[in-house]
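So you can see what is in the structure, the chains are spelled out below.
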Protein chains: 2
Amino acid sequence: MNSFISPVPLDKAYRLINHGPTVLVSARHDGVDDVMAAAWCCALDFAPPKLTVVLDKSSATRRLIEQSGVFAIQVPNVALLRLTNAVGGVSLNDAPDKLARCGVELFDIEGQPLPLVAGCSAWLSCRLITEPHNQQAYDLFIGEVTGAWADDRVFSNGRWHFEDANPSLRSLHHVAGGNFYAIGEPLAELP
Amino acid sequence: MNSFISPVPLDKAYRLINHGPTVLVSARHDGVDDVMAAAWCCALDFAPPKLTVVLDKSSATRRLIEQSGVFAIQVPNVALLRLTNAVGGVSLNDAPDKLARCGVELFDIEGQPLPLVAGCSAWLSCRLITEPHNQQAYDLFIGEVTGAWADDRVFSNGRWHFEDANPSLRSLHHVAGGNFYAIGEPLAELP
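If you're wondering where the values come from, they're calculated on a predicted model, not measured in any experiment.

Turning our eyes to something else, we now look at the overall build of chain A. Helix and strand counts for chain A stand at 4 helices and 14 strands. Since a compact globule built from 191 residues should have a radius of gyration of about 16 Å, the 16 Å found for chain A is in line with a globular shape. For chain A, the C-alpha atoms occupy an extent of roughly 45 × 35 × 35 Å along the three principal directions.

With that settled, consider the pairing of strand β4 (residues 41-46) of chain A. Strand direction decides the pairing type here: β4(A) and strand β5 (residues 49-54) of chain A, joined by 5 bridges, are antiparallel. The residue bridging A:Cys42 from the neighbouring strand is A:Thr52, located in β5(A).

At the interface, 40 residues of chain B touch 39 residues of chain A. Listed by contribution, the elements that provide at least two residues to the side of chain B that touches chain A are β4 (41-46), β5 (49-54), α2 (81-87), α4 (132-138), β10 (140-151), β12 (159-160), β13 (172-176) and β14 (179-186) of chain B. Residue contributions to the side of chain B that touches chain A peak at 8 residues, all from β14(B). Considered class by class, the residues forming the side of chain B that touches chain A number 23 nonpolar, 11 polar and 6 charged.

This part takes up the environment of B:Thr61. Residues and elements named next belong to chain B. Within the fold, Thr61 resides in helix α1 (residues 60-68). Considering only alpha carbons, one finds Thr61 and Ala47, 14 residues apart in sequence, at a separation of 26 Å. Those residues in contact with Thr61, other than ones at most four positions away along the chain, are Val25, Ala27, Asp34, Val35, Met36 and Leu55.

At an RMSD of 0.0 Å, chain B and chain A line up after a rotation of 180° and a shift of 0.0 Å along the axis. The two molecules are tied by a two-fold rotation axis, judged by turn and shift. In this assembly the copies share their binding face: 98% of the residues contributing to the interface of chain B also contribute to that of chain A.

Another point: the sheet that holds β13(B). Read across the sheet, 4 strands follow the order β13(A)-β14(A)-β14(B)-β13(B) without closing on themselves; strand pairing throughout is antiparallel. Only two strands of the sheet have a single neighbouring strand rather than two, namely β13 (172-176) of chain A together with β13 of chain B. Across this sheet, the average inter-strand angle for adjacent strands is 40°, counted without regard to direction. Where strand β14 (residues 179-186) of chain A and β14(B) come together, 3 bridges link them in antiparallel fashion. Among the inter-strand pairings, A:Pro186 is bridged to a residue of β14(B), identified as B:Tyr181.

All names here are of chain A. With an omega of -5°, the peptide bond running from Ala47 to Pro48 counts as cis. If you trace the backbone, Pro48 turns up in the loop between β4 and β5. Unusually for a residue other than glycine, Asp139 sits at a positive phi of about 60°. Mapped onto the elements, Asp139 comes out in the loop between α4 (132-138) and β10 (140-151). Asp139 sits in the partly exposed class, given 18 other C-beta atoms within 10 Å. Its identity as a non-glycine residue notwithstanding, Asn157 has a phi of 50°, on the positive side. Within the secondary structure, Asn157 is located in the loop between β11 (155-156) and β12 (159-160).

Calculation notes
- Residues numbered from 1 in each chain as written.
- Chains lettered and ligands numbered in written order.
- Predicted model: local features only at pLDDT ≥ 70, side-chain atom pairs only at ≥ 80, totals over all residues.
- Helix = DSSP H or I, 4+ residues; strand = E, 2+ residues; numbered from the N terminus.
- Rg over C-alpha atoms; globule rule 2.2 N^0.38 Å.
- Pairing = 2+ DSSP bridges.
- Contact = placed C-beta atoms within 7 Å.
- Nonpolar A, V, L, I, M, F, W, Y, C, P; charged D, E, K, R; others polar.
- Least-squares fit on C-alpha atoms with pLDDT ≥ 70 in both.
- Axes fitted to C-alpha atoms, helices over the stretch in contact; angles between N-to-C directions.
- Buried ≥ 20, exposed ≤ 12 C-beta atoms within 10 Å, placed from the backbone.

Here it is as structure tokens:
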């Protein structure tokens, strides 16, 4: 955890994922925490903010979400490249010590029942909007964003500032097989 | 159009959008073509490849897709920054000459009934999987990818090669209000 975590107004929350980063999904139920990586997470609405995330039926995190009805989406960064790849490569079903093994440090915000991953660049708490057909047929889950926070060294005043921040805070964009790009440079604002 | 367009095997098609680029959505029905920009497009499945895209009810492109049942998703690049911003800012409903005004040049591939945008870095043809509840309640559309192509100067052998290509071919990642980042540098492959 760091001391640079600032709340993000809900009407700006979509901006945390609008540029398409690979995310970490975390959930807690009955004393069990899990964290997985997901490249397939996407904004769905502005107000109230919603998002989609694809969760395979084999995922232990998915089971926790179905049980608790809440989850967190967080935006990992270059400093968490190894962790992000690691939590995407092993299941809690096979390794009860997955989180320790992957070097995941968890923290809470404002007493929410969500295990948040320390060191990310942004965090979104979500309430599951249950849609059985989507979940069963497509592994597609919809969440309403109920809270948002960011590391204010890289996101402030409703904007990412990757270009002015330490490169270790840049978001990760997975292609396949452990091959990631970092987000790059801003493009000139258009009139 | 350029002469560097190569087919991408369907089992690698998800890689064209896995890193979260902002896309262009195009469709044709009854002699009418339209193109819009969408940051909310996401892979949904590997085989057969599927994707989701969020299309507002006010969108003329959406109407064409609902009528024709097919659409294209394409990955624009830095060279198309102005075009991408332009087609995202005006509707065919208000400006029948939208495409000309925005500088959009269309082409066909393999006789498909789809207007593809010249100069992009990748193209995916899609068949709409009709899901009335998702479309009505969430503006969420699901497509099955039926064909994929890429500019082989920047995507070949199943991989993006942004770092070796002309920077004008890098994908665009919209944050908000015309503020985009380009995709950045590859991160060291992990063991």
